[in-house]
Amino acid sequence: MLSQKDNEALTRVGPGTPMGELMRRYWIPAAFSHQVETPDCPPVRVKLMGEHLVAFRDTAGRVGLIDERCPHRTASMFYGRNEEGGLRCVYHGLKFDVDGRCVDIPCVPQMAETQLRNLQSQMKIKSYPCVERGDVVWAYMGPAELKPDFPDLEWTRVPAAQRFVTRHVQECNWLQGVEGGFDATHLSFLHGGDAEHSRRVVATLYEVMPTDFGFIVGTGRDMGTGTINWNVNVMLMPFHKIISSAVHAAHVWAPIDDENTMLYSVNFHPSRALTDKDLERETSWRGIHTENVPGTDHAIRNRANDYLIDRALQSSGQSYTGMKGLGTQDCAIQESMGPIAERGAEHLLASDAAIVKIRRLLLQTLKDHAAGKPLPGMRAESYRVRSTRCELPKGAPFAEMLGNLVRADAQVAAE
Amino acid sequence: MLSQKDNEALTRVGPGTPMGELMRRYWIPAAFSHQVETPDCPPVRVKLMGEHLVAFRDTAGRVGLIDERCPHRTASMFYGRNEEGGLRCVYHGLKFDVDGRCVDIPCVPQMAETQLRNLQSQMKIKSYPCVERGDVVWAYMGPAELKPDFPDLEWTRVPAAQRFVTRHVQECNWLQGVEGGFDATHLSFLHGGDAEHSRRVVATLYEVMPTDFGFIVGTGRDMGTGTINWNVNVMLMPFHKIISSAVHAAHVWAPIDDENTMLYSVNFHPSRALTDKDLERETSWRGIHTENVPGTDHAIRNRANDYLIDRALQSSGQSYTGMKGLGTQDCAIQESMGPIAERGAEHLLASDAAIVKIRRLLLQTLKDHAAGKPLPGMRAESYRVRSTRCELPKGAPFAEMLGNLVRADAQVAAE
Amino acid sequence: MLSQKDNEALTRVGPGTPMGELMRRYWIPAAFSHQVETPDCPPVRVKLMGEHLVAFRDTAGRVGLIDERCPHRTASMFYGRNEEGGLRCVYHGLKFDVDGRCVDIPCVPQMAETQLRNLQSQMKIKSYPCVERGDVVWAYMGPAELKPDFPDLEWTRVPAAQRFVTRHVQECNWLQGVEGGFDATHLSFLHGGDAEHSRRVVATLYEVMPTDFGFIVGTGRDMGTGTINWNVNVMLMPFHKIISSAVHAAHVWAPIDDENTMLYSVNFHPSRALTDKDLERETSWRGIHTENVPGTDHAIRNRANDYLIDRALQSSGQSYTGMKGLGTQDCAIQESMGPIAERGAEHLLASDAAIVKIRRLLLQTLKDHAAGKPLPGMRAESYRVRSTRCELPKGAPFAEMLGNLVRADAQVAAE
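The paragraphs below set out a description of the structure included in this document. All residue numbers here refer to positions counted from 1 along the written sequence of the relevant chain. The lettering of chains begins at A and the numbering of ligands begins at 1, in the order of writing. Given that the model is predicted, a residue must reach a pLDDT of at least 70 before its local features are reported, and side-chain atom pairs must reach 80 or more before they are shown or counted; all residues, however, enter totals for whole chains, interfaces and linings. Hydrogens are left out, water is left out, and the side-chain values use all remaining heavy atoms of the structure.

## Overview of the sheet that holds strand 10 (residues 130–133) of chain B
Residue and element names in this part refer to chain B.
- Should DSSP find at least two bridges between two strands, the strands are regarded as paired. Labels follow the DSSP assignment, with helices taken as runs of H or I lasting at least four residues and strands as runs of E lasting at least two, numbered in each case from the N terminus. With antiparallel pairing, the 3 strands of this open sheet are ordered in space as 1-11-10. Strands at the two margins of the open sheet, each flanked by one partner only, are strand 1 (27–32) and strand 10. For this sheet the average axis-to-axis angle between neighbouring strands, irrespective of direction, equals 35°.
- Of the strand pairs in this sheet, strand 10 and strand 11 (residues 136–140) are connected by 4 bridges, and their pairing is antiparallel. Pairing of Cys-130 across the sheet is with Ala-139, part of strand 11. The axes are straight lines fitted to the C-alpha atoms, using for helices just the contacting stretch, and the angles between their N-to-C directions are given from 0 to 180°.

Here you go:
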C-alpha cells in the first residue's frame, strides 16, 4: 500500500512535478517520423507530458517541436503555415524556426535591422530539441545544459527493415503501464488460459536490482534440482522495456498527460529484416500490437466497447479474459484501475515483491534527482541491454551474473 | 423553501452521508434477476448509491454483489471470470465468492494450508447480501447486525405471472422522483388536458401521517355534503410508492448516485395473472412505463430529444405537455429541475402542503436515525399496505381510519 | 500583457460581474424574431449572459424573455404551454405573462379574489423587457430605471429587404471576437495570401478615441506625400462593429456565457433592397457569414473538424490559412486562443497599439460605471455612425475630423 503522497509523486508528470522533471532529463518519443514526412508538410498536434505542442518539419528537413501557442497573441500554431525555414502563425504572420527563434515579424512598421533583430530575439517560442531514431521523433524537454546523448536503444539502431513499430493511446497513467510490463505474475493469468497450470508455474523469487540504465527485474522459479530458472527483464529509464521473444520486442510508455499514455510497441531483429511471417505472427492475437481505428491512435478494442470481450470464449476456459490480443488484455486491466490507480486501496501479496521494489527504486530516484545526485541512463552505452531467460545455480552471485548477461548479446549487436 | 444544508441532507446518498446511511438500513433494488440469469453467467456492472459494484450468479445459483475493484491491485472485477463458486479476477487470478470471501489466491508461491487460509481471510472484497424477490435482486448495504427481514411488499409476493416490472434511468436525484410521486396536485395539470377542469378538482386538504412503514399522504376534496373525498397514498420507507389503479401498481426510486435514479415501475394483480389486455393498456401512453432504447435502461423519449415533445398536440389543448406517456411527463418535469433541484429557489403554495410535510418527516427521520431511535419499516409485516381512495365524514378520526384502511385489503392478499 | 485580474474583469459577464453589469446597461440581441414567429407559438430556450432563459411570443404578439425556471417548484418553463396571454408551467399550471407577472395559479384551493391577486403578485418570474428591431429580439437585462432608448443602429432601421442577418456560435469569450474585429493588422495576414505584400501595407499609426457611442479605432498609413491614409472603424458600446464594405456590414458579439458568444453578422444597404448578387457575394467565401449545420447555430466549418482546413491550399500561397471564409478564419483563430484567452501570456508589439488602447478604455469604462459616472451610448442618436476610410493631411486635428466623418453619412441615412 502506497501513501497518497507517494502515489502522486510517482504518477504526475506535468511541468514542475518531481516525476515530470525527472522524466524530462531523458529523451521522450513525441511522434512518428512519418507524421511529418516531408519538408514543409502540415504541422501536427502533439500532447506530451501534459504540454500542448506542435511538431513540424522545416524546409531543410529538420523536425521542430514547439509550443502550440504563439507567444505574440496566443493563437494556435497548429493552423500555421509551414514555409521556408519555419512555421508562420496565420494571425499576424510571426514565423519561428525549429529552434524556437522568431525569424520574421512582418506586422510591425518598418524598422532598422538591429531594432528588428532585437525585437525578434525577445519573441522566442518554447521549443524542444528533437532527433529521429527508429522511425520516431524524440524530444528532450529538460534543461539544455543537461541534455544527454541519445541512448543506444537497440531497436532504434537497426535498419528500418528490421523493425516494426505501432502505438496506441492507453487511457490511464503511465505507471499502470510500466508496472504491468514488469509484473511477471500476471503473465500466466491475464494472458493464460488455465488456472491450475498457472498455479504450478508461479515464481517464488523476486529480485529488482538498480543498474546504470535503470533496473533489472528477475523472477525466479526453484526447479528443485539445485538451480533457479530466471526470467530477466530490463527497465531502461524512465519508461522502456526490452522484451525477450521470438523476434525481439520493446515497449515505451510515454505520458501524454497524467491520465493518458502513448504506448509504443516494437518488434525488431538485430541481424535480419523482419519477414511477412514475423509480422503476421506479431500482429495476430498473440502479439503485443493492437489494431487501431484507421487514421487514429485509438484501439478498435477499447474501454467504450469493453474491449469486445467474448464471454463465451472466457467461460470456455481457453482464455482467462475472453479478449483477443495480449496488448488488449493489458490495456483492459490497466485502464480498469482508473485514470490514476489508487494504490492506497491495494492489498499486496508476496507475488507483488517486484512491484514494491520498483516503486521504492523510483521513489529513491526521485529523491536522488532532487538531491542533485547522478541519474541512471545518462550514458548512451548503458542502454545496450536485452531481457533474457537463464538457469543459474542456487546461491550464485545473482547481481553480477545477470548484470553481465543482459549486456552480453546486445553488446555484440550494437557494434 | 428549504435551506441548502437541509437540501443536501435529504438528497445526498453516498457512503457516510446522513440519507445514504439511512437508506442503507433498507433493502435496495440492484438489478433484474434476468440480468444474471443462469449460474456462472457473465457478471454485470451495477452502480448503486454512488458505489461501483458487480453482480454475478454463482454455480449454486446464489447472487453476489461485490465491489467492482479487486482488493489486490484494484483491477475491475467486471472483466472477471465467473466459475465454480466465485468470480475470479483476471489480473492475478484471485477468486471471491458471493459473500466476499477470497477462496483462491493462485499467484502466491506454494504455502502451508493454514498460512494460505490466513492470507485469504485477510483478502476480503466488499460484498452486500442479496435476495431475489419479484424478479428483482435486492441488496442490503447497511450494518450486518441491523439487517431487517425483507419487507412484505405485496408486488414481490405474488407469482411472476401476476406481475410486470420495467425500469429506466432518471437523470436526476431520487427525491425529485419521490416528491413527484406524492404530489397529488400535479396530476390534473401535468397529466391532464384542461386547465379549467383541473382548477375545479384541486384538493383543499393535505395530510401526511407518519406510520410504522413510512407515511400516508392524504389529499382531500370537500364535497360540500358533509363528506371529504380522500385520495390516500402510502410511502414505504425509504423510496416505495404503492399506486391505486385498474391493476395495482408501484414505483421504487433507487438511487444510482446523487444525480441519477433507477425508477422501477410495477403492475401487479393480487389474485390473477395479468392479461395481454392489462399489459397493452399499462404499456400504452396512459401507463407509467417508458419504452427504452433496446438493450439499455434509457428511455427513447429523453432529455436529449426534449422527450419528443409534440408542440401541436400541446397547443391543441388535449395534452398539457404534448408528451406521450405519464412516465415520460413525470421524468421530463423532474429532470428539468436539474440534477439536484435547488429547493432554496422555490416559492411554495398551500397546494404544496404535502411536499412540505414529507420533507419535514424525512428530516425528522434523519435526526431519529442519528439519535439511534427505531426506524419505520423495520418489520416486514408493516409493508402490507395499499394506497386507496375513500369518502369520510368531515371531522372523522382521520389518522386511525386511514391507517386501518390502507392495511385492510393488503392484509388479506398477503395471507 | 494583462494582469489575470484585469483579464477576469474584462471577460466575465455573469450576473454581478463588473463587465456583466456594464453590458446589462445596453440592449442585447437574444434571438431572431422568426424563432418565435407567431402568437402563441412554442417557446425557445435562450442562453444569454450566462443566464438560462425562455423566449415566447404571446397572443397579442408581444415577445417575452423569462427565467427558464418556474419560481414555484423550479421546473423548466421551456416545456410550458404558450396560451392566451402567457406561458403556463405544465407542472402545476402557473401562468406568467411577458412582463413576468403571474396571471394564474389554478392549483390552489379556491380563494377570495383579493387573496388570489395578492398571491399572484408575490409569484413573479424573472423577465426582461424585449423589443424587436432588425429581425432580432433585443433584451434589456439591467436596472429598470436606467433602461435607455433602443439605439439608432442603422442596420436595424432600414426595411427588411435592405438587410441580411445570420448568426453562429463562437466557442470562446466575447472579447476575443471584439478584439479580432478591431485588430486591423491581422487583415492582410489572416485574410491575405502574400506575406511580402502584407509586410508592405501594414499601418504605422494607431489611434483609439473615446466617443459618446463607444470609440473610434483609426489605423493610418503614412503615404510619404504629406498625407495619412486612415482606416476608421467604430465600436458601439458594448459589442457592436459597423463595417465599411461594398454593401455595409455589421457585427454584434453577444455573450452566451463566459466561454461562448453568439456572433450576429449583418449586411445592409441604407437606400435600396439587397440584390441576389449582393447576397451571393456576401455569403461566398469572401463574406463574413458562415454556413451553418441546418437547423442549428453551429458552423459547418468548426473546431471539431479543424474548420476543414485545406493544407494544399494553404501551402499554395493563395491563402494564409487554407480556410474558406473570412468568418471561418476569424473564428478559427479566436477560438484557438482557448475559451478565455490567457492575455497574461502575450508578448505585444507596436502593431497591437489599438488592442492595448481598447483594453484600457474598457477597463476605464468599468471604473466609470462602478463610480456611477455617465456611460457612452446611452443616447440613441449617438449610434448614428459608420466606419469609413479617408486621407487626411499629416498633423490634421484627427479627433475632431474623424469624429465628424463617421457621423456624416449615417446622419443622412438616419433621417
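## Digging into the packing of helix 1 (residues 4–11) of chain A against helix 11 (residues 353–370) of chain A
Residue and element names in this part refer to chain A.
- At a minimum axis distance of 10 Å, the contact between helix 1 and helix 11 shows a crossing angle of 75°. With respect to each other, helix 1 and helix 11 are oriented roughly perpendicular. Contact residues: helix 1 offers Asp-6, Ala-9 and Leu-10, while helix 11 offers Arg-359, Leu-362, Leu-363 and Leu-366.
- Only Asp, Glu, Lys and Arg are considered charged, only Ala, Val, Leu, Ile, Met, Phe, Trp, Tyr, Cys and Pro nonpolar, and every remaining residue, Gly among them, polar. Residues belonging to the contact of helix 1 with helix 11 are distributed by class as follows: 5 nonpolar, no polar and 2 charged. For classification purposes, an angle smaller than 35 degrees is called roughly parallel, one larger than 145 roughly antiparallel, one from 65 to 115 roughly perpendicular, and anything else oblique. Contact criterion: two residues are considered in contact whenever any of their non-hydrogen atoms come within 4.5 Å of each other.

## Observations regarding the interface of chain C and chain B
- Each partner contributes residues to the interface: chain C has 30 residues there, and chain B has 41 residues.
- Accessible-area loss on putting two parts together, using a 1.4 Å probe and summing over both, is the definition of buried area adopted here. Summed over both partners, the interface of chain C with chain B comes to about 3000 Å²; 58% of that surface belongs to carbon and sulfur atoms.
- Put simply, a salt bridge is a Lys or Arg side-chain nitrogen that is within 4 Å of an Asp or Glu carboxyl oxygen. The interface formed by chain C and chain B includes 6 salt bridges.
- N or O atoms closer than or at 3.5 Å make up a polar contact, with two conditions inside protein: a donor-capable atom paired with an acceptor-capable one, and, for residues adjacent in sequence, both atoms drawn from side chains. Summed over the shared surface of chain C and chain B, the result is 17 residue pairs in polar contact (both at pLDDT 80 or more).

## Regarding the interface of chain C and chain A
- Listed as interface residues are 40 residues of chain C and, on the opposing side, 30 residues of chain A.
- Linking chain C to chain A there are 6 salt bridges.
- Where A:Arg73 meets C:Asp352, a salt bridge forms, and the shortest distance between an N and an O atom there is 3.6 Å.
- At the junction of chain C with chain A, the criterion picks out 17 residue pairs in polar contact (both at pLDDT 80 or more).
- Contributions of two or more residues to the side of chain C that touches chain A are made by helix 5 (174–181), helix 6 (187–190), helix 7 (195–201), helix 9 (311–316), helix 10 (326–336) and helix 11 (353–370) of chain C.
- For the side of chain C that touches chain A, a count of residues per class yields 18 nonpolar, 12 polar and 10 charged.

## Notes on the relation of the copies chain C and chain B
- Overlaying chain C with chain B gives an RMSD of 0.0 Å, the required rotation being 120° about an axis along which the chain moves by 0.1 Å. Both chain copies can therefore be described as sitting about a three-fold axis. Taking C-alpha positions as the reference, the residue of chain C nearest the rotation axis is C:Ala304, at 12 Å. What sets the superposition is a least-squares fit of C-alpha atoms, and only residues with pLDDT of at least 70 in both copies go into it.

## Side note on the pattern of salt bridges
Residue and element names in this part refer to chain A.
- Evaluated as defined, the whole model comprises 114 salt bridges over all chains.
- Between Arg-81 and Glu-83 there is a salt bridge, with its nearest N and O atoms 2.7 Å apart.
- Here's how the labels work: a residue is buried when its accessible area is under 20% of the maximum for its type, exposed when over 50%, partly exposed in between, all with a 1.4 Å probe on protein chains only. By relative accessible area, which is 10% here, Arg-81 ends up buried.
- Classification of Glu-83 as buried rests on a relative accessible area of 14%.

## Let's talk about unusual backbone geometry
- Going from A:Met237 to A:Pro238, the amide bond is cis rather than trans, its omega being -5°.
- Mapped onto the fold, A:Pro238 is located in the loop between strand 15 (227–236) and strand 16 (240–243).
- Not every positive phi belongs to a glycine, and C:Asp40 is a case in point at roughly 60°.
- Along the chain, C:Asp40 falls in the loop between strand 1 (27–32) and strand 2 (44–48).

## Looking at the pairing of strand 19 (residues 388–393) of chain C
Residue and element names in this part refer to chain C.
- Burial along strand 19 is one-sided: Thr-388, Cys-390 and Leu-392 are buried, while Arg-389, Glu-391 and Pro-393, pointing the other way, are not.
- As paired elements, strand 15 (residues 227–236) and strand 19 share 6 bridges and run antiparallel to each other. Following the sheet pairing, Ile-228 is matched in strand 19 by Leu-392.

## Observations regarding the nonpolar core
- Within the largest apolar cluster, 84 residues are counted, with the highest numbers of intra-cluster contacts made by B:Val46, B:Leu65, B:Trp155, B:Trp174 and B:Leu362.
- Counting 83 residues, the second-largest nonpolar core is a separate cluster that includes A:Leu65, A:Tyr206, A:Phe398 and A:Val406. Throughout this description, the term nonpolar core refers to a set of buried Ala, Val, Leu, Ile, Met, Phe, Trp, Tyr and Cys residues connected via side-chain atoms within 4.5 Å.

## Regarding helix 3 (residues 113–122) of chain B
Residues and elements named next belong to chain B.
- Those residues of helix 3 that sit buried are Leu-116, Leu-119 and Gln-120. Around the axis of helix 3, the buried residues are gathered within 100° of arc, so they sit on the same side. For helix 3, the exposed residues set more than 90 degrees away from the buried face come down to Thr-114, Ser-121 and Gln-122.
- Looking at the buried residues of helix 3, the elements they touch are strand 8 (102–104). Picture the helix axis, draw a direction to every C-beta atom, and the arc is the one those directions span.

## Considering the packing of aromatic side chains
- Aromatic rings from Phe, Tyr and Trp, with only the six-membered ring used for Trp, were paired whenever their centres fell within 6.5 Å, and each pair was classed as stacked if the ring planes differed by under 30 degrees, edge-to-face if by over 60, and tilted otherwise. Applying the stated rule across the entire model yields 27 aromatic pairs over all chains.
- Aromatic pair A:Phe32 and A:Tyr264: ring centres 5.8 Å apart, planes at 75°, arrangement edge-to-face. On the criterion of sequence distance, the pair formed by A:Phe32 in strand 1 (residues 27–32) and A:Tyr264 in strand 18 (residues 260–268) is long-range, its members being 232 residues apart. Of the two residues, A:Phe32 and A:Tyr264, neither departs from the other in class, the shared state being buried.
- Sitting above the plane of the B:Phe78 ring, B:Arg45 keeps its charged end 3.8 Å from the centroid.
- Over a ring means this: the NZ of a Lys or the CZ of an Arg is within 6 Å of the ring centre and within 35 degrees of the ring normal. Stacked on the ring of B:Phe182, the Lys or Arg B:Lys241 has its end atom at 5.5 Å from the ring centre.

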